[in-house]
Amino acid sequence: MTAGTLSNGKQKPLGVAEAVQKARDTFNSGRTRPVEWRKEQLRNLFRMYEENRNAMIDALHKDLRRSKMEATLLEVEYLINDLKDTLHNLDEWVKPTRPSKGFINIMDDVVIHNDPFGVALVIGAWNYPLQLLLLPMAGAIAAGNAVIVKPSELSVACATFVAETLPKYLDNDAVIVVEGGPEETTELLKQKFDYIFYTGGTNVGRIVYQAATKHLTPVTLELGGKSPVYIDNTVDINITAKRVLWGKYINAGQTCIAPDYVLCNKETQEKFLEAAKKVLKEWYGEDAQKSPDFCRIVNSRHFGRLQAILDTDKSKVAIGGKYDLQDKYIEPTIIANVKPGDKVMEDEIFGPILPIVPVENAYEAIKFINEREHPLVLYVFSNQKNIQNLFTEQTRSGSICFNDTIMFYGVDTLPFGGVGNSGIGAYHGKATFDTFTHKKSCLVKNFSPIGEKLASGRYPPYSDGNLSF
Ligand code: NAD
């Protein structure tokens, strides 16, 4: 556990309760509220990103064997762009807004203030260990909160990077890193927070939600699940294969919005497999294990989980299927003619295995999707507007994306989050600021005789004759 600094500049470990108290004292002192303080922190964070690009890329390589390109595109640049946008818009976002008002309030001021919640807890996941932790943290700071930041213990190098680097740039009394696993998180969750932002699996999400009820703390839960892809026969299958496989195989499938499985008819399945073979060879050569562009599985527990799927559903493997425990390598794999009851369809795969479940048509696909938990995202590949509309109207998911994968995540004006088992709440762009902001309603009256007259009907003695119904 790391928090605070000693006079010699070294990290001073704080207990969990002590760290939260420190953040609370800082918030209560009013230090985090001025917009100038927030901007200064965000500018320092920006400097941290700029000065530590290579350290971030190295940490991601150590944890996941991320290529420089994927590390830059999906984490470092993503964080930098988000921060630029926040810094650019913050003065506007913090301004109180004045909603429309009725005749009765014509003399009054009706205002919505953007208040910070207080002390926020941000719990990150290991699969995008920097982006999923630091982006909400920046949003919490932008909104004027003090923050406790808890990196995932599974992405060790990134957790160490955050714990060692963040205190060099940010106000150590207001932004405090607490390292550790379930034990430390359990301890953290016993404390009173004013907002909890959790990213990770649904089961731990339930634990977080339950802990939050004790203090009636509002939460955002960014969870996972099985995100389907439907492909019909009106699409360009080569482009479709590229877009589906890129979404699946970045970070070796360890992406919350990765396509989990494909639904299509048997004819499309054959065309997709043919196109996929070509694409994978083009991207990763004859042997993906030798490619510098293909990631590894985060640890042996997750490797074992994926190996069990491959061992059980071996006979249906159409492409790939090899693995190497020593190297935590799982070959980009496609399993064809999958049945709904097969092992690969039990849980979120979260690895480079893509099952194809044959269905007759869009109606059968919609029925299949609706029989399961609401996904984080639904991908539909179709050129037919009526089919697109059918999926939009007849299914529920956190997001829906047509004719591509992942790219919707980068549109910062689209709030990102799940629904049902895939999550509660949303963030990205202004939605992140709003997530960490309490919209405080405010009515300001004056003592003008006209205003008093307008509202005088409320005082007794009441006269029913004044009622118009
Ligand atoms: P993880 O193991 O890193 O866990 C997430 C956090 O929960 C960690 O900080 C961990 O310390 C903490 N934790 C673990 N066990 C705990 C316990 N028993 N009590 C309290 N805290 C505990 O992440 P994970 O769950 O393996 O992440 C994978 C899942 O996260 C997938 O389901 C994926 O879809 C989902 N995910 C969702 C998003 C999103 O934005 N919606 C992003 C990434 C991952």
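Residues numbered from 1 in each chain as written. Predicted model: local features only at pLDDT ≥ 70, side-chain atom pairs only at ≥ 80, totals over all residues. Heavy atoms only, no water.

A. Representation of a nonpolar patch on the surface. On the surface, Phe103, Ile106, Met107 and Ile450 cluster together into a nonpolar patch covering about 410 Å² of accessible area. Topologically, Met107 is positioned in the loop between helix H4 (68–94) and strand S1 (109–116). For Met107, a relative accessible area of 31% gives the class partly exposed. (Patch = residues over 30% accessible without salt bridge, like charges linked within 9 Å, V, L, I, M, F, W, Y side chains within 5 Å. Areas by Shrake-Rupley, 256 points an atom, 1.4 Å probe, with all protein chains shown as cover. Salt bridge = Lys/Arg side-chain N within 4 Å of Asp/Glu carboxyl O. Helix = DSSP H or I, 4+ residues; strand = E, 2+ residues; numbered from the N terminus. Buried < 20%, exposed > 50% of the residue type's maximum accessible area, 1.4 Å probe, protein only.)

B. Spotlight on the packing of aromatic side chains. By the definition in use, this model includes 18 aromatic pairs. With a centroid separation of 6.2 Å and an interplanar angle of 45 degrees, the aromatic rings of Phe408 and Phe416 are classed as tilted. No difference in accessibility class separates Phe408 from Phe416, as the two residues are buried. One aromatic cluster is present, built from ring pairs that chain together Tyr78, Phe117, Tyr195, Phe197, Tyr379, Phe408, Tyr409, Phe416, Tyr427 and Phe436. The lysine or arginine in question, Arg372, covers the ring of Phe368, its NZ or CZ lying 3.6 Å from the ring centre. (Phe/Tyr/Trp six-rings, centres within 6.5 Å; stacked < 30°, edge-to-face > 60°. Lys NZ or Arg CZ within 6 Å of the ring centre and 35° of its normal.)

C. Representation of the UniProt feature "active site" (unreviewed entry) in the protein. The sites that carry the UniProt feature "active site" (unreviewed entry) are, in the present numbering, Glu222 and Cys256. A maximum C-alpha distance of 9.2 Å is found for the annotated residues, which run over 35 residues; spatially they form one tight group. Secondary-structure assignment places Glu222 in strand S6 (residues 219–222). Leave out the neighbours within four places in its chain, and Glu222 touches Phe197, Tyr198, Thr199, Gly200, Phe416, Gly417, Ser422, Gly425, Ala426 and Tyr427. Structurally, Cys256 is set in the loop between helix H9 (237–249) and strand S8 (261–264). Excluding its chain neighbours within four sequence positions, the residues that come into contact with Cys256 are Asn127, Ser227, Glu348, Phe350, Leu376 and Phe416. (UniProt positions renumbered as here; feature names shortened; annotations may be inferred. Contact = heavy atoms within 4.5 Å.)

D. Focus on the packing of helix H3 (residues 53–64) against H4. Running from amino to carboxyl end, H3 crosses H4 at an angle of 130 degrees, the nearest separation of the two axes being 10 Å. The angle between H3 and H4 falls in the class oblique. Crossing of H3 against H4: the hand is right-handed. Contacts from Arg53, Met56, Ile57 and Leu60 of H3 reach H4 at Lys68, Ala71, Thr72, Glu75, Val76, Glu77, Leu79 and Ile80. (Axes fitted to C-alpha atoms, helices over the stretch in contact; angles between N-to-C directions. Parallel < 35°, antiparallel > 145°, perpendicular 65-115°, else oblique. Left-handed = near helix turned anticlockwise from the far one by under 90°.)

E. Spatial organisation of the site of the ligand. The environment of the ligand is made up of 27 residues, and the closest members are Ser152, Glu153, Gly201, Leu223 and Glu348. Contact between the ligand and Ser152: an oxygen atom at 2.7 Å from a side-chain N or O atom of the residue. At a separation of 3.1 Å, an oxygen atom of the ligand approaches a polar backbone atom of Gly200. For the ligand, the accessible surface in isolation is 850 Å², of which the surrounding protein chains cover 89%. Where the shell around the ligand is concerned, the elements lending two or more residues are helix H7 (182–190), strand S5 (195–199) and helix H8 (202–214). The residue makeup of the shell around the ligand, split by class, is 14 nonpolar, nine polar and four charged. (Near = heavy atom within 4 Å. Polar contact = N/O pair within 3.5 Å; in protein donor to acceptor, adjacent residues only side chain to side chain. Nonpolar A, V, L, I, M, F, W, Y, C, P; charged D, E, K, R; others polar.)

F. The arrangement of the sheet that holds strand S15 (residues 399–402) in detail. The seven strands lie next to each other as S9-S12-S13-S8-S7-S14-S15, forming an open sheet whose pairing is mixed. Looking at which strands have only one partner, the edges of the open sheet turn out to be strand S9 (317–319) and S15. For this sheet, the mean angle separating the axes of adjacent strands, direction not counted, is 25 degrees. One ladder, built from two bridges, connects S9 with strand S12 (residues 333–335); its direction is antiparallel. Its bridge partner lying in S12, Val317 is registered against Ile335. Sitting on the sheet, helix H12 (residues 362–370) touches strand S7 (228–231), S8, strand S13 (353–358) and strand S14 (377–381), and the angle it makes with S8 is about 145 degrees. The strands that helix H13 (residues 385–394) touches are S7, S14 and S15; relative to S15, the one it contacts most, it runs at about 170 degrees. (Pairing = 2+ DSSP bridges.)

G. How the structure looks around the packing of H12 against H13. Relative to each other, H12 and H13 sit at 20 degrees, their axes nearing to 11 Å. Taken together, the axis directions place H12 and H13 in an arrangement best described as roughly parallel. Viewed along their axes, H12 and H13 form a crossing whose handedness is right-handed. Contacts between H12 and H13 involve Ala362, Tyr363, Ala365, Ile366, Ile369 and Asn370 on the former and, on the latter, Ile387, Leu390, Phe391 and Gln394. Taken together, the residues that form the contact of H12 with H13 break down as eight nonpolar, two polar and no charged.

H. How the structure looks around the pairing of strand S3 (residues 146–150). Counted residue by residue, S3 has five buried out of five residues, so it is predominantly covered. Across five bridges, strand S2 (residues 119–123) lies against S3 in parallel orientation. From the neighbouring strand, Leu121 faces S3, where its bridge partner is Ile148. In this view, the connection linking S2 to its parallel neighbour S3 by way of helix H5 (residues 131–142) has right-handed handedness. Sheet topology places S3 next to strand S4 (residues 175–177); three bridges connect them, and they run parallel. Counted as the bridge partner of Ile148 is Ile176 from S4. Running through helix H6 (residues 156–169), the crossover from S3 to the neighbouring parallel element S4 is right-handed. (Right-handed = clockwise from strand over helix to strand, strands pointing away.)

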